[in-house]
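# Observations on the three-dimensional arrangement
What follows is the residue order along each chain.
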Amino acid sequence: MNERGERSGQRPRTAPSLSFWVAGPLAVALLVFVGPGLWIAAWAIEGAILKNELGVLARTHDEWTRRMNDRLIQAEASVARYGRMLTSALHEVEGETPQKFDALVGPSRDGGMVSRNAGFEPRRDAIVWLPAGYPLDDREKVFLLELKRMTELYSAGAPGEPINTWLIPRRNGLVMYWPSYTSYIDQVDTTVDFVNSEWTTLVLPANNPEGKPRWTPTSYDPGAREWMVSVVVPFFRDGVFAGSAGHDVTVNAVMDSFRELSLYPGTEHALVRGDGTVLVSSVHQDKIHGSKGTLTVESIGDDDLKRAFEAAKRDDAAEAHVVGGTDQRVIVAARIAAPDWVLLTDVPRAALLSSVKGLYWDYWLIAAFSILALVALPVLVIMRVTLPSVRQLVTAAERIRGGDLEQRFEASGTREFVHIGDALNGMAQQLRETFAALAKTNEELEQRVEQRTAELKEATVAADAANRAKSDFLANMSHELRTPLNGILGYAQILKRSRSLGEQDLRGVEVIAESGSHLLTLINDVLDLAKIESRTMEIHPNDFHFPSFLNATAEICRIRAEQKGIAFVFKPGPALPEGVRADQRRLRQILLNLLGNAIKFTENGSVTFTVAEVPGGSRGARKDLPEDGASPESRTKTHRIRFEIEDTGTGIGAEHLDQIFLPFKQVGDKSRHREGTGLGLAISQRIVTLMGGSIQVRSELGKGSVFWMDLTLAEAPDWTDTVRRTEQGQIVGYKGARRRLLVVDDKPENRAVVISMLATLGFELAEANDGQEGLDRTARERFDLIITDLAMPVLDGWEMMRRMRRAPELAGTVIIASSASAFITDQDKSLEAGADDFLAKPLQMDELLEKLQRHLKLEWIYERQDGASEEAEPSPSSGVTSTRDVVLPPDEDLKALRDLARKGLVNHIQKYADKLELGDPRLAPFAKHLRELSEDFRLESIEELVGRRVDGGAR
């Protein structure tokens, strides 16, 4: 065991010896390479033998093809001479008489005419057949006798091949010389139509203008009872086609010659004409007979034979060659040029290799012994010469691994091992130097790490301080900016409720309110961006009525679009949910930003706002949704909703699309940059990301843009139980005992806003300048509700609330914290200190009244249309001013108003109200109330207002 192993307590590894690693791979090589090597060699030898056998087969085919081609060429030459001889002899016919024809030819059994048996000698005479009705006159008889004489004359001097000579007159019939078939005259069938057969049609001038010999398909001769192929030529009489002449070659003769090619068992042959017609086949001859000579290669159904024939036609090679084959067969093709025939020979592959099978075992034994001898010799050399030196080398390497870098390796054996020993000694020396350098480097590295760690710690502390300073700055700025806005917007709301102001003064107050709201929006945008960047922004979902939310948003933008003179189209989908759970304020902020941008950058055309459910959107359970205020359905059913805004405005260049979501980045028309801060899209994109989506855009410069986002919204079927009830009119008081309220704020103007808002409603109000004064007053007096600021001198609001909650007598007092801070952490801190609710500054009166009603269980009293007071109905959910003592228009006008409200057409409702007031002054109170509702976009209240009369009248 080496030193390292001893120190670690590890057992030494047991590894095979060097002898094993030398002999083992050699043994594996024998098993892995010898077997495949022998198989590859056998495969190569088999291929060579197959190639040789195919060569023998090809040469045999070439020889057979040459002889067959010569034989067929000889037949073509013979029939050509025969045709020329007939044409020449028919130019002038002499020496024959009609009486001689009558003596030689008589009637046949089937109504035709045939040569008489009396005096007929097959080896000398040619037979004459004529069908029934053949037009015979003396001239025709002399013509036929001349044809018979020329046939006998030519055949007497013709060579032994072909077997017969014949001709077919143009009008049908047959003259044949067949000396070897002595009983042929008794087999005559004069009903055969020779004129319309290929024996004649192939050589018609229209089909054979050159007058060359042509070969027919296989045909059956009923007289000879033989299958044969024929070579035919035309002959002429005075330049006019007079008939065809030819020789026959029997199929049996061709098949007999196939035996010369059958060198291997199972060989099959087929002789195929150039158009694919099979003339002769050693296997399919019955099919050829059955088809009457029309059998083709394709109709046989042998795909391999078909592909081989097509390949042979393409190759157009003169010598025999392999044109197809599989693992079981080889197909050889040879061309017979004279008649354009192809000889296909199908040979079983096993038959070709039958001669080599017996040599396999001998070859395997010889090869195995040879390879074993070649492998064994290097093994012996390695074992005797190399292994001792390898063992020495391994021993030295083990010592180096154990840390003995001072040892020296003294190599022995071959020159190569001496070189390895020198290299090993040099490596040990280099390792010694490397370890020394490494130790020094590690020491320096540790020092650098300590230095960098200290620097990083300082940078982290500085960054945390900067973030805290930034948060403090934003909090202070929020407070300082919202505090004056609280007074501006608060008194603007109070003045709007005043009866002493004229119409022009009210418009000025409205301008103040709108400007303050715009400034508040800009402050909120900057603070929102800061919250997003510091990751402190949170999404606060609530249940709300989705269609009315969309209609109100669309109507706001419709007014802006109509003021600009462009069309605004709102397309809500057919299956949108009634109630949803989402952060309504943030969603409205996003949509108004996108729609506002579309309207701002569109001068002509339209802006289209489409809201629809995405097909296939998720509808499964949403366990991640907050449960506060959500119904069970809102936690189990969701909708994937797509919000899409399309405009026909200026569009955005492709080079700017990746910049539009950056903070303070504005692209496009520079003259419009002053209309915004460049924060809208950046904030909207990041809020959408918090809501689980992303704003997408496609745009084309000069044509317009499309912005869209997909959000998953939980369905809230019980949204009506959680949304704030709609106002029933102007609140002038409340029912029941007077309630005492304490307002704690260090700024007098902030206290004055709250007191001014609530003093006219009948509340008893008291003030405190700071938290300590507030504690002192609660110790002396009893209050139903306390509204307190948070950041105050002497004692802040948080500590004041904590002390109040520790006092048993103040445990039931409602405390509402109010602050200009926009950070959710301040709100959470207030609730932890003991606040029952939170109000953000600047105060919104409807929100303040809603919280007072909820915590003090108030029942409001509303001002009636005639100026009197009206107590709230038991259920304030309707949100519609009482219509008692108010004259209403006819039912058809009410139905029209309800339709306009359902469509969200606010401008049309206001115009309709003006029309009603002009038509009937008694309708002025109703028209005024209708305009007020439409200006606040309270479309549902309008529907319910007019629906009561319409539905009540219907009943």
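Predicted model, so just to flag it, every value in this text is computed and none were measured. (Residues numbered from 1 in each chain as written. Predicted model: local features only at pLDDT ≥ 70, side-chain atom pairs only at ≥ 80, totals over all residues. Heavy atoms only, no water.)

Bringing the overall build of the protein into the picture now. Of the regular secondary structure elements, the protein holds 25 helices and 29 strands. Here the analysis covers contacts within the protein between residues at least 6 apart in sequence; of these, 67% occur between residues at least 24 apart. Carbon and sulfur atoms make up 54% of the accessible area of the protein, which amounts to about 49,400 Å² in all. (Helix = DSSP H or I, 4+ residues; strand = E, 2+ residues; numbered from the N terminus. Contact = heavy atoms within 4.5 Å. Areas by Shrake-Rupley, 256 points an atom, 1.4 Å probe, with all protein chains shown as cover.)

What follows deals with the nonpolar core. If you look at soluble globular proteins, the nonpolar side chains tend to sit buried side by side. In this structure, Leu86, Leu147, Leu167, Trp215, Phe235 and Trp341 are the most contacted members of the largest nonpolar core, which totals 42 residues. Considering each element in turn, this core owes the most residues, eight residues, to helix α2 (residues 18-89). Summarising the domain contributions, this core has at least three residues from each of domain 1 (66-249) and domain 2 (256-356). Once residues lying within four places of it in the same chain are set aside, the contact partners of Trp341 are Leu72, Trp215, Val229, Leu271, Val272, Arg273, Leu279, Ala334, Arg335 and Ile336. (Core = buried A, V, L, I, M, F, W, Y, C linked by side-chain atoms within 4.5 Å. Buried < 20%, exposed > 50% of the residue type's maximum accessible area, 1.4 Å probe, protein only. Domains from an automatic or database assignment.)

Let's shift gears to unusual backbone geometry. One non-glycine residue, Asp238, lies in the positive phi region at around 55 degrees. By the secondary structure assignment, Asp238 is in the loop between β8 (226-237) and β9 (240-250). With a phi angle near 65 degrees, Val794 is a residue other than glycine that sits in the positive phi range. Structurally, the position occupied by Val794 is in the loop between β25 (785-788) and α19 (797-806). Judged by its relative accessible area of 69%, Val794 falls in the exposed class.

Predicted confidence across the protein gives a mean pLDDT of 76, with 74% of residues reaching 70 or more. Taken as a whole, residues 721-727 scores under 50 in pLDDT and shows 18 contacts with residues more than four places along the chain or in a different chain. Every residue in residues 871-884 scores below 50 in pLDDT, and together they form 38 contacts with partners more than four places removed in sequence or on other chains. (pLDDT = per-residue confidence, 0-100.)

Contact pair helix α18 (residues 771-780) / α19: the axes reach a minimum separation of 9 Å and the direction vectors enclose 25 degrees. When the axes of α18 and α19 are compared, the pair comes out roughly parallel. The hand of the α18/α19 crossing is right-handed. Within the contact between the two elements, α18 uses Gly771, Gln772, Gly774, Leu775 and Thr778 and α19 uses Met800, Arg803 and Met804. When the residues that make up the contact of α18 with α19 are grouped by side-chain class, the tally is three nonpolar, four polar and one charged. (Axes fitted to C-alpha atoms, helices over the stretch in contact; angles between N-to-C directions. Parallel < 35°, antiparallel > 145°, perpendicular 65-115°, else oblique. Left-handed = near helix turned anticlockwise from the far one by under 90°. Nonpolar A, V, L, I, M, F, W, Y, C, P; charged D, E, K, R; others polar.)

Together, Glu443, Glu444, Glu446 and Glu450 give the surface a local cluster of negative charge. Within the secondary structure layout, Glu443 lies in helix α12 (residues 415-496). (Patch = residues over 30% accessible without salt bridge, like charges linked within 9 Å, V, L, I, M, F, W, Y side chains within 5 Å. Salt bridge = Lys/Arg side-chain N within 4 Å of Asp/Glu carboxyl O. Lys, Arg positive; Asp, Glu negative; His and termini not counted. Charge placed at Lys NZ, Arg CZ, Asp CG, Glu CD.)

On to the packing of helix α22 (residues 891-903) against helix α23 (residues 906-919). At their nearest, the axes of α22 and α23 sit 9 Å apart, and the two run at 160 degrees to each other. Here α23 runs roughly antiparallel to α22, going by the angle between their axes. Here the hand of the crossing between α22 and α23 comes out left-handed. Mapping the contact onto sequence places Asp893, Ala896, Leu897, Leu900 and Ala901 in α22 and His908, Ile909, Tyr912 and Leu916 in α23.

We now examine α23. An α-helix turns once every 3.6 residues. As a result, residues three or four positions apart point the same way. Over its 14 residues, α23 extends 20 Å from the first C-alpha to the last, a length consistent with the 20 Å expected when each residue adds 1.5 Å. Among the residues of α23, those classed as buried are Val906, Asn907, Ile909, Tyr912, Ala913 and Leu916. (Expected span 1.5 Å × (residues − 1).)

Now for the sheet that holds β25. Ordered in space as β24-β23-β25-β26-β27, the five strands form an open sheet in which the pairing is parallel. Pairing within the sheet leaves two strands with one partner each, and these edge strands are β24 (764-768) and β27 (837-840). Across this sheet, the average inter-strand angle for adjacent strands is 20 degrees, counted without regard to direction. Pairing of strand β26 (residues 814-819) with β27, which is carried by four bridges, proceeds in the parallel orientation. Directly across from Ala817, in β27, lies its bridge partner Phe838. Along the sheet, helix α17 (residues 748-759) makes contact with β23 (740-744), β24 and β25, crossing β24 at roughly 175 degrees. Strand contacts of helix α21 (residues 845-856): β23, β25, β26 and β27, with the helix running at about 170 degrees to β27, the strand carrying the most contacts. (Pairing = 2+ DSSP bridges.)

Before going further, it helps to examine the environment of Glu319. Mapped onto the secondary structure, Glu319 falls in the loop between α9 (303-315) and β12 (321-325). Residues Glu319 and Thr65 lie 254 residues apart in sequence; the distance between their C-alpha atoms is 9.1 Å. With residues near it in sequence (within four places) discarded, Glu319 still touches Asp62 and Ala333.

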